[in-house]
There are 4 protein chains.
Amino acid sequence: MKSKILENKKQKENKLLKSAFDLFTTRDIDTVTISEIARHAGVAKGTFYLYFKDKDQIRNILISRESRRIFLNAQKALEENDIRGFEDAIIFMINHILMELKKNRSILAFIEKNLSWGIFSDYVQNAFADDELHIKNDFIQLAKKNHYQFKDPEVVMYIIIDMVGSTCYSSIINNKPLPIDQYKPYLFDAVRAILRTGKTNEK
Amino acid sequence: MKSKILENKKQKENKLLKSAFDLFTTRDIDTVTISEIARHAGVAKGTFYLYFKDKDQIRNILISRESRRIFLNAQKALEENDIRGFEDAIIFMINHILMELKKNRSILAFIEKNLSWGIFSDYVQNAFADDELHIKNDFIQLAKKNHYQFKDPEVVMYIIIDMVGSTCYSSIINNKPLPIDQYKPYLFDAVRAILRTGKTNEK
Amino acid sequence: MKSKILENKKQKENKLLKSAFDLFTTRDIDTVTISEIARHAGVAKGTFYLYFKDKDQIRNILISRESRRIFLNAQKALEENDIRGFEDAIIFMINHILMELKKNRSILAFIEKNLSWGIFSDYVQNAFADDELHIKNDFIQLAKKNHYQFKDPEVVMYIIIDMVGSTCYSSIINNKPLPIDQYKPYLFDAVRAILRTGKTNEK
Amino acid sequence: MKSKILENKKQKENKLLKSAFDLFTTRDIDTVTISEIARHAGVAKGTFYLYFKDKDQIRNILISRESRRIFLNAQKALEENDIRGFEDAIIFMINHILMELKKNRSILAFIEKNLSWGIFSDYVQNAFADDELHIKNDFIQLAKKNHYQFKDPEVVMYIIIDMVGSTCYSSIINNKPLPIDQYKPYLFDAVRAILRTGKTNEK
DNA sequence: TATGAATGAGCCTTCATTCAT
DNA sequence: CATGAATGAAGGCTCATTCAT
């Protein structure tokens with residue numbers, strides 16, 4: 001039967017992805033060889049090329065996958081908590097993501113160091129296409145409902161994501177400029193300040 | 001006389017630095033070989049190792065040097081213009097830097113992609129040690145003079161630098177989320193919002 | 001079937017060993033490069049590293065192999081000739097070995113110059129472990145049978161091997177202190193003298 | 001004055017020789033570079049080539065020098081002690097040399113590992129030319145005086161030197177086949193046995 | 001004489017990629 | 001589909017030797 005074969009193939013692909021993920025988050029990505037990925041996945045070197053073109057490809061797939069997972073988790077957490085204020089909701093999500101990344105620094109290191117625009121950015125920007133991930137939509141809806149108005153909400157969202165991402169990277173990884181827990185107040189102040197630029201006085 | 005030799009050595013070092021800079025800003029740094037740097041500098045391969053330990057070292061030197069140069073230019077421009085408001089001064093400097101980077105995208109790409117904390121951050125953080133570069137000091141003085149008060153001005157400065165750096169990178173290089181000229185208003189709004197969090201009402 | 005591949009691998013390994021042996025016995029080992037070994041074996045440079053770690057490893061393998069072969073030959077020759085006296089048997093073997101080395105000076109040069117204790121010595125000392133090579137045992141048995149008694153036969157054997165090895169090296173290679181054929185009488189006298197130190201008067 | 005200059009030159013040459021000796025006896029000779037020899041001697045790299053052709057040359061000079069020194073010491077010690085028997089005198093000298101080498105293993109390692117025939121052998125063989133070093137002569141005289149007769153005393157001497165040298169090397173350095181102090185009885189027995197082959201019964 | 005900057009040949013080693021089995 | 005042996009291009013780096021000063 002065909003499904004059996006297909007399943008088998010999917011399994012091998014997953015083994016390779018998992019293997020690469022393990023290695024990429026453990027070591028400097030440049031030092032990871034395709035040999036190692038294959039060996040650690042328990043398949044032959046040649047098999048790698050049956051599923052992926054090269055290291056770049058598998059790396060990009062992993063970054064998209066992990067970023068998405070993290071955003072989805074934050075989104076789900078938000079839905080499960082009844083947070084109504086616009087700013088509060090944004091801060092809640094950011095905080096949720098930061099907590100996850102703090103627990104799992106290697107993922108953060110992996111994503112940040114390899115996050116080239118053209119992968120993640122495209123991903124976030126075109127997030128409309130993702131059935132499950134409706135963060136962008138939510139952002140816009142929530143802003144409207146709470147009487148925040150932005151000329152271009154996408155750009156604001158982008159600024160915030162990028163700012164949080166890059167500053168928190170060094171905060172979590174290197175404790176610079178401050179350890180993440182001490183840094184958060186400053187960061188959240190900054191985020192709130194930016195969001196407040198869109199606040200209107202409508203009731 | 002010895003001065004001739006010393007001069008000659010300095011010249012060679014500069015040739016190598018220039019060569020590396022040319023290559024690093026033109027191509028992906030990983031694809032640049034030491035052979036090429038030497039060849040393009042017009043010296044033998046072994047000569048490279050007389051002046052630098054490896055590619056990392058020459059890269060770090062270049063990043064420090066270029067970052068410093070850009071900040072120095074901005075600082076000088078600020079001094080030459082009589083801008084008194086705190087927010088205006090910050091925005092002026094940011095704008096000055098962005099204009100320079102826009103003109104010279106390759107430098108931006110080079111700095112951003114290779115700017116590891118531990119190089120630049122240390123540099124900016126310890127900028128006190130630099131006799132000429134007194135941005136940090138200026139920031140603090142200017143804030144005080146204009147009645148802005150921050151619990152930790154350094155952190156605020158850091159947030160701004162990092163945010164500007166990372167978001168403008170993709171704006172200038174990839175036009176995402178918007179081309180830099182359209183993006184600036186949003187960015188400056190965000191910066192002003194952050195700065196305003198420190199505003200007090202003293203006269 | 002797999003046997004074909006395995007056979008092929010064994011063949012390549014042998015090609016490399018032969019190539020290395022040819023080069024090592026022809027030239028100063030330090031001047032032989034891995035490139036050459038591979039090229040002369042008709043394989044790619046990388047292939048070398050599939051079979052051996054480095055030049056040292058292949059060299060040690062060759063020394064063990066060749067030394068063993070020479071001793072085995074001498075042993076076999078002894079068995080095929082009915083020589084009963086203890087001293088005569090030892091001299092016979094030494095002579096057999098010297099004749100072989102004389103015919104093949106390059107092997108002698110190769111072995112002697114690279115024979116580091118830790119390779120050969122271990123080998124000779126632990127010769128018990130070698131099923132085929134029972135020289136050490138034979139020496140002890142033969143001594144006993146012929147009423148020679150040594151406090152530590154192993155040490156005596158070792159002295160003889162080492163003495164023969166080092167003096168004959170220069171005799172065969174450099175004709176010093178005498179060409180091997182003229183040198184032999186002196187050498188054999190010395191060997192017999194040493195052996196005779198263990199002679200007892202039992203009948 | 002010229003003598004001053006000449007003295008200065010001799011001094012530099014000695015500095016280089018000492019430097020090389022220090023390095024050669026401390027490390028594997030192949031890893032010692034000419035740069036290091038010069039640096040450790042406190043002169044410029046180019047200066048090395050003013051005094052020596054290459055590493056081989058300086059190495060050979062050192063080996064001759066050290067070997068000679070050791071033999072001279074043994075000879076002097078013999079003269080200072082009134083030992084009349086032929087065998088006893090030989091054993092005395094060997095023992096003297098072994099004690100010195102045991103104290104200074106690095107010299108032994110250096111000499112043995114680099115003692116190529118053509119250096120030392122020539123040296124010992126042509127020892128007649130050395131005004132101070134008259135070992136060979138002594139050997140012959142002493143043999144005669146004590147009624148030992150050898151067809152070719154030189155060859156016997158050579159066998160002994162070589163045998164002692166090569167077996168004691170591994171004994172002192174690797175404790176194989178036995179530590180030197182336990183090995184000596186066997187060795188001396190062997191030496192005496194060889195010498196005794198020349199004994200005559202004249203009174 | 002003495003210096004040491006400059007040279008560049010040449011080594012070792014890795015690893016992405018291919019392809020016969 | 002899967003394998004893994006074989007490839008060979010490519011890079012980093014060292015160091016003996018030269019030569020202008």
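Residues numbered from 1 in each chain as written. Chains lettered and ligands numbered in written order. Predicted model: local features only at pLDDT ≥ 70, side-chain atom pairs only at ≥ 80, totals over all residues.

## A short note on the overall build of chain A
Counting its secondary structure elements, chain A contains 10 helices and zero strands. Listed by position from the N terminus, the elements making up chain A come as α-α-α-α-α-α-α-α-α-α. Out of the 203 residues belonging to chain A, those deemed buried represent 29%. By sequence separation, contacts in chain A at least 24 residues apart represent 63% of the contacts at least 6 residues apart. (Helix = DSSP H or I, 4+ residues; strand = E, 2+ residues; numbered from the N terminus. Buried ≥ 20, exposed ≤ 12 C-beta atoms within 10 Å, placed from the backbone. Contact = placed C-beta atoms within 7 Å.)

## Some remarks on the packing of helix 4 (residues 55-80) of chain A against helix 5 (residues 86-103) of chain A
Any two packed helices are characterised by the angle at which their axes cross and by the distance between the axes. Residue and element names in this part refer to chain A. Across the interface, helix 4 lies against helix 5 with an axial gap of 9 Å and an inter-helix angle of 130°. Judged on the interaxial angle alone, helix 5 and helix 4 are oblique. The way helix 4 lies across helix 5 gives a crossing that is right-handed. Contacts from I70, N73, A74, A77 and L78 of helix 4 reach helix 5 at A89, F92, M93, H96, I97 and E100. (Axes fitted to C-alpha atoms, helices over the stretch in contact; angles between N-to-C directions. Parallel < 35°, antiparallel > 145°, perpendicular 65-115°, else oblique. Left-handed = near helix turned anticlockwise from the far one by under 90°.)

## Looking at the protein's contact with DNA strand F
In the vicinity of DNA strand F there are 35 residues, among which A44 and G46 of chain A, G46 of chain B together with G46 and T47 of chain C approach most closely. Listing elements by their share of the surface near DNA strand F, those giving two or more residues are helix 1 (2-26) and helix 3 (45-51) of chain A, helix 2 (34-41) and helix 3 (45-51) of chain B, helix 1 (2-26) and helix 3 (45-51) of chain C together with helix 2 (34-41) and helix 3 (45-51) of chain D. Of the residues contributing to the surface near DNA strand F, the split by class is 12 nonpolar, 11 polar and 12 charged. (Near = placed C-beta within 6 Å. Nonpolar A, V, L, I, M, F, W, Y, C, P; charged D, E, K, R; others polar.)

## What to know about helix 6 (residues 105-114) of chain D
All buried positions along helix 6 of chain D are accounted for by I107, L108, F110 and I111 of chain D. One side of helix 6 of chain D holds all its buried residues, which, seen down the axis, span an arc of 165°. (Arc of directions from axis to C-beta.)

## Topic: the protein's contact with DNA strand E
Near DNA strand E there are 36 residues, and of these G46 and T47 of chain B, G46 of chain C together with A44 and G46 of chain D occur at the shortest range. Partitioning the surface near DNA strand E into residue classes produces 12 nonpolar, 12 polar and 12 charged.

## A look at the packing of helix 10 (residues 180-196) of chain C against helix 9 (residues 153-174) of chain D
In the contact formed by helix 10 of chain C and helix 9 of chain D, the axes pass within 10 Å of each other and the chain directions differ by 55°. Between helix 10 of chain C and helix 9 of chain D, the interaxial angle falls into the category oblique. Once helix 10 of chain C is placed against helix 9 of chain D, the crossing between them reads as right-handed. From helix 10 of chain C, Y183, Y186, L187 and A190 of chain C reach across to helix 9 of chain D, where they touch V155, V156 and I159 of chain D.

## Notes on the relation of the copies chain C and chain D
With an RMSD of 0.4 Å, chain C superimposes on chain D once it is rotated by 178° and translated 0.1 Å along the axis. Both copies of the chain, as the preceding transformation shows, are related through a two-fold rotation axis. The fraction of interface residues of chain C whose copies in chain D are also interface residues reaches 96%, indicating that both copies meet through the same surface. (Least-squares fit on C-alpha atoms with pLDDT ≥ 70 in both.)

## Observations concerning the relation of the copies chain A and chain B
Superposition record for chain A on chain B: RMSD 0.3 Å, screw rotation 179°, translation along axis 0.0 Å. The residues that chain A uses at the interface reappear at the interface of chain B in 89% of cases, marking a shared surface.

## A word on the interface of chain C and chain D
Every contact between the two is made by 25 residues of chain C and, on the other side, 27 residues of chain D. Secondary structure elements with two or more residues in the side of chain C that touches chain D: helix 9 (153-174) and helix 10 of chain C. Take the side of chain C that touches chain D: its biggest share by element is 11 residues, from helix 9 of chain C.

## Things to note about the nonpolar core
In terms of nonpolar packing, the biggest core is built from 96 residues, with I159 and I194 of chain C together with I159 and I194 of chain D touching the most fellow members. Ignoring any residue separated from it by four or fewer positions in sequence, one finds I159 of chain D in contact with T167, Y186, L187 and A190 of chain C together with I194 of chain D. (Core = buried A, V, L, I, M, F, W, Y, C linked by C-beta atoms within 7 Å.)

## As for the domain arrangement of chain A
Residues and elements named next belong to chain A. Examined at the domain level, chain A breaks down into domain 1 (1-52) and domain 2 (55-196). The straight-line distance from the C-alpha centre of domain 1 to that of domain 2 is 29 Å. Across the boundary between the two partners, domain 1 contributes nine residues, which contact 10 residues of domain 2. Among the elements that line the side of domain 1 that touches domain 2, the one with the most residues is helix 1, at six residues. Per-class residue counts for the side of domain 1 that touches domain 2 are seven nonpolar, two polar and no charged. (Domains from an automatic or database assignment.)

## Notes on unusual backbone geometry
Not every positive phi belongs to a glycine, and H147 of chain B is a case in point at roughly 65°. According to the C-beta neighbour criterion, H147 of chain B is partly exposed, with 13 such atoms within 10 Å.

## Details of the UniProt feature "DNA-binding region" (unreviewed entry) in chain A
UniProt's feature table lists "DNA-binding region" (unreviewed entry) at residues 33-52 of chain A, given in the numbering used throughout. In this annotation, residues 33-52 of chain A is assigned 75% helix and 0% strand; the end-to-end C-alpha distance for the span is 14 Å. (UniProt positions renumbered as here; feature names shortened; annotations may be inferred.)

## Some details on the interface of chain A and chain B
Contacts between chain A and chain B engage 27 residues on the former and 25 residues on the latter. Counting residues per element, the side of chain A that touches chain B draws most heavily on helix 9 (residues 153-174) of chain A, at 11 residues. A class-by-class count of the residues in the side of chain A that touches chain B yields 13 nonpolar, eight polar and six charged.

## Re the environment of N81 of chain D
All names here are of chain D. Mapped onto the elements of the fold, N81 is located in the loop between helix 4 (55-80) and helix 5 (86-103). Given 11 C-beta atoms within 10 Å, N81 falls into the exposed group. Separated by 11 residues in the primary sequence, N81 and I70 place their C-alpha atoms 17 Å from one another.

## A few points about the environment of I34 of chain C
Residues and elements named next belong to chain C. Summarising the element assignment, I34 is placed in helix 2 (residues 34-41). Spatially, the C-alpha atom of I34 lies 8.1 Å from that of D54, the residues being 20 residues apart in sequence. I34 has contacts with K45, F48 and K55, leaving out every residue within four places of it along the chain.

## Overview of the environment of F71 of chain A
Tracing the backbone shows F71 of chain A in helix 4. Expressed as a C-alpha distance, the spacing of F71 of chain A and H134 of chain A, which sit 63 residues apart in the sequence, is 9.6 Å.

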